[in-house]
Amino acid sequence: MRLSTINKLCCPFDKADLSLTTITEDTEKRVLEGWLHCSKCKRIYPIVKGLPIMNPDEYRELSLEKPLLEKWSKHLEGKTVSNFRLIESEKETD
């Protein structure tokens, strides 16, 4: 996915702007792996092999996305994904 493409995309649910987190890119700076995030509804849309997956929730399968999310856990900066939404993790108290 070219970086210029992000300016043309919006969240399919609430039409809000999306932010991009890049995990890997090719030599031409095209995003190969990463995710798009809607700050309004908190949905996260993975980018796999350069293609953003922006299906409605009812057509997504968490079991298929879970390996990616586990692989990207260090990039989530302590956040977790629940119901395809990026949420702040609750800190445990001792």
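Backbone geometry follows two general trends: most residues other than glycine have a negative phi, and most peptide bonds adopt the trans configuration. Phi at N83 is positive, roughly 55 degrees, even though this residue is not glycine. Along the chain, the position of N83 falls in the loop between β5 (79-82) and β6 (85-88). Exposure remark for N83: the relative accessible area of 56% places this residue in the exposed category. The phi dihedral of F84 is positive, around 65 degrees, even though this residue is not glycine. Following the sequence through the fold, F84 ends up in the loop between β5 and β6. Relative accessible area serves as the criterion here: at 9%, F84 is assigned to the buried category.

A separate point is the packing of aromatic side chains. Here the distance between the centres and the angle between the planes together describe a pair of aromatic rings. A full pass over the atoms with the stated rule returns one aromatic pair. Considering the side-chain rings of W35 and W72, the 5.5 Å spacing of their centres and the 35 degrees angle between planes classify their relative orientation as tilted. Here the residue W35 occupies a position in strand β2 (residues 31-38), and W72 occupies one in the loop between α1 (62-71) and β5, the gap between them amounting to 37 residues. Lying over the aromatic face of F13, R43 brings its terminal NZ or CZ to 3.6 Å of the ring centre.

Reading the values: the criteria
Residues numbered from 1 in each chain as written. Predicted model: local features only at pLDDT ≥ 70, side-chain atom pairs only at ≥ 80, totals over all residues. Heavy atoms only, no water. Helix = DSSP H or I, 4+ residues; strand = E, 2+ residues; numbered from the N terminus. Buried < 20%, exposed > 50% of the residue type's maximum accessible area, 1.4 Å probe, protein only. Phe/Tyr/Trp six-rings, centres within 6.5 Å; stacked < 30°, edge-to-face > 60°. Lys NZ or Arg CZ within 6 Å of the ring centre and 35° of its normal.

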